[in-house]
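Chain residues, written in single-letter form:
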Amino acid sequence: MNIIDGKEIAKNLRSKIAEEVSSLDRPPGLAVILVGEDPASAVYVRNKELACKQVGFFSDKIIKSENITEEQLLEEVERLNNNPHIDGILVQLPLPKHINANKVIEYISPHKDVDGFHSENIGKLMQNKSHLRPCTPKGVMTMLESIDCKIEGMNCVVVGASNIVGRPMAMELLNARGTVTICNSRTKDLAGKVRQADIVVVGVGIPKMVKGDWVKEGAVVIDVGINRLDDGSLVGDVDYDAIKETAGAITPVPGGVGPMTIATLLENTLIAYKKNL
Ligand code: GUN
C-alpha cells in the first residue's frame, strides 16, 4: 500500500516555483482577504502567507472586521483588481452571512481569480480549456500524477458536490477521461457506489464517513476532509486505519491534500503573473 505524501509533493512543487521566481524581474503578488475572526480561516490564511514567503512571492494579508459592509469589501476587491503588484486575489471563505459571497467572487477579475471560483473560470474548466483551476481539485490531480495513476477509462467516484471541491473535482477527472459518478449525502447505496471506484475522492466534512469495507482492493483513495475531533486530533472523511491495508494508495490527514491546496495556490498565482505581464 502506497501512502501519498502530500507534504513531500507540495515541497517539490514549491521548490520548482521558488526557482522560477528567482529569475523574474518582480515577485508575483498574492492578496488574501480575511473577514472576521473565524479561527480555522485565520490558520489557513497564515499558512498561505507563510507559503508565499517561502517561494519569494509578495504577499498582502488584508484583515477586515466582521462588520465590513458588502460594498466596502467590493471596493477592496476593486482596489486589488487595479493594483499592478497583485497577480492573485483570494477572499477566504466562509464570509459573514450579511455578505453575498458569490457577488464578491464574481467581482474578482477572472485573471486574478487564483481560487478558480469565478464563473468564467468554472465555465472554462467545464469546457476543458482552463486557465485558473480550483486549487484543491487541481492539487489532487497533481497527486494522482505523482503516483502515475491512470485515470482514463477508470471508475472515479466523487463523494460531495460542493463548489470548492466536489464539482470541480468531478470535472478534472472527466477532463482526464475518467468515468465519473458524483455522489451527495442523499445518494442511495453510497457504500455500493464507492465499492465500484478505482479512484475515490471524498470531501464531505463528516469524520471517518467512508468505512473500511466500502473500498475495493487496490483502489486509490483521496481524502479531502479535515475534521477536528473532541480530543483535538485531526481526522479525514475516510476511516484511514480501516482502509489503508485494502487501498492501492491513500492520502493521510493531515499531510495529504491540505499542503497540496496551498502549493497549488502558489502555482496558480505564478500562472496569473505570467498571463498578466
Ligand atoms: N475556505 C475553505 N477552502 C477554501 C479555498 O480553497 N479558498 C477560499 N478562498 N476559501 C476557502
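In case you missed it, the structure is sitting above this.
One numbering rule holds for all chains: residues counted from 1, following each sequence as written. Totals for whole chains, interfaces and linings use every residue, but because this is a predicted model, local features are given only for residues with pLDDT of at least 70 and side-chain atom pairs only at 80 or more, for both listing and counting. Hydrogens are left out, water is left out, and the side-chain values use all remaining heavy atoms of the structure.

What about the sheet that holds strand 4 (residues 88-91)?
Stage number 1. Whether two strands pair comes down to DSSP finding at least two bridges between them. Strands are runs of DSSP state E lasting at least two residues, helices are runs of H or I lasting at least four, and both sets are numbered from the N terminus onward. What the three strands build is an open sheet, ordered 3-2-4; its pairing is parallel. At either margin of the open sheet sits one strand with a lone partner, and together these are strand 3 (58-64) and strand 4. Sheet twist, expressed as the average angle between the axes of neighbouring strands with direction ignored, equals 15 degrees.
Stage number 2. Relative to strand 4, strand 2 (residues 29-35) is paired through four bridges, and the arrangement is parallel. Angles here are taken between N-to-C directions and fall from 0 to 180 degrees, while the axes themselves are lines fitted to C-alpha atoms, restricted in helices to the stretch in contact.

Section: the site of the ligand
Stage number 1. In the vicinity of the ligand, the contacting residues are Leu 90, Val 91, Gln 92, Leu 93, Asp 115 and Phe 117.
Stage number 2. For the purposes of these results, a polar contact is taken to be a pair of N or O atoms within 3.5 Å, where, inside protein, one atom must be able to donate a hydrogen and its partner to accept one; residues adjacent in sequence count only when each atom of the pair is a side-chain atom. The backbone of Val 91 places a nitrogen or oxygen atom 2.8 Å from a nitrogen atom of the ligand.
Stage number 3. Between Asp 115 and the ligand, the recorded distance is 2.6 Å, taken from a side-chain N or O atom to a nitrogen atom.
Stage number 4. Accessible surface is estimated by sampling points in the Shrake-Rupley manner with a 1.4 Å probe; for residues, cover comes only from the protein chains shown. Computed on the free molecule, the ligand has an accessible area of 280 Å², of which 80% lies beneath the protein chains in the complex.
Stage number 5. Here the term charged refers only to Asp, Glu, Lys and Arg, the term nonpolar to Ala, Val, Leu, Ile, Met, Phe, Trp, Tyr, Cys and Pro, and the term polar to all other amino acids, Gly among them. A breakdown of the residues in the shell around the ligand according to their chemical character gives four nonpolar, one polar and one charged. A molecule or strand has a residue near it when one of that residue's heavy atoms lies within 4 Å.

Observations concerning the packing of helix 6 (residues 135-146) against helix 7 (residues 166-175)
Two quantities define a packed helix pair, namely the angle between the helix axes and the distance between the axes.
Stage number 1. Where helix 6 meets helix 7, the axes come as close as 9 Å, and the angle between the chain directions of the two elements is 40 degrees. Comparing the axis directions of helix 6 and helix 7 gives the class oblique. As helix 6 runs across helix 7, the sense of the crossing is right-handed. Residue-level contacts link Pro 137, Lys 138, Val 140, Met 141 and Leu 144 of helix 6 to Pro 168, Met 169, Glu 172 and Leu 173 of helix 7.
Stage number 2. Considered class by class, the residues forming the contact of helix 6 with helix 7 number seven nonpolar, no polar and two charged. Here the angle decides the label: under 35 degrees means roughly parallel, over 145 means roughly antiparallel, 65 to 115 means roughly perpendicular, and every other value means oblique. For any helix crossing, the convention is left-handed if the near helix is rotated counterclockwise from the far helix by under a right angle, and right-handed if that rotation is clockwise. Whether two residues touch is decided by their heavy atoms; if any such pair falls within 4.5 Å, the residues are in contact.

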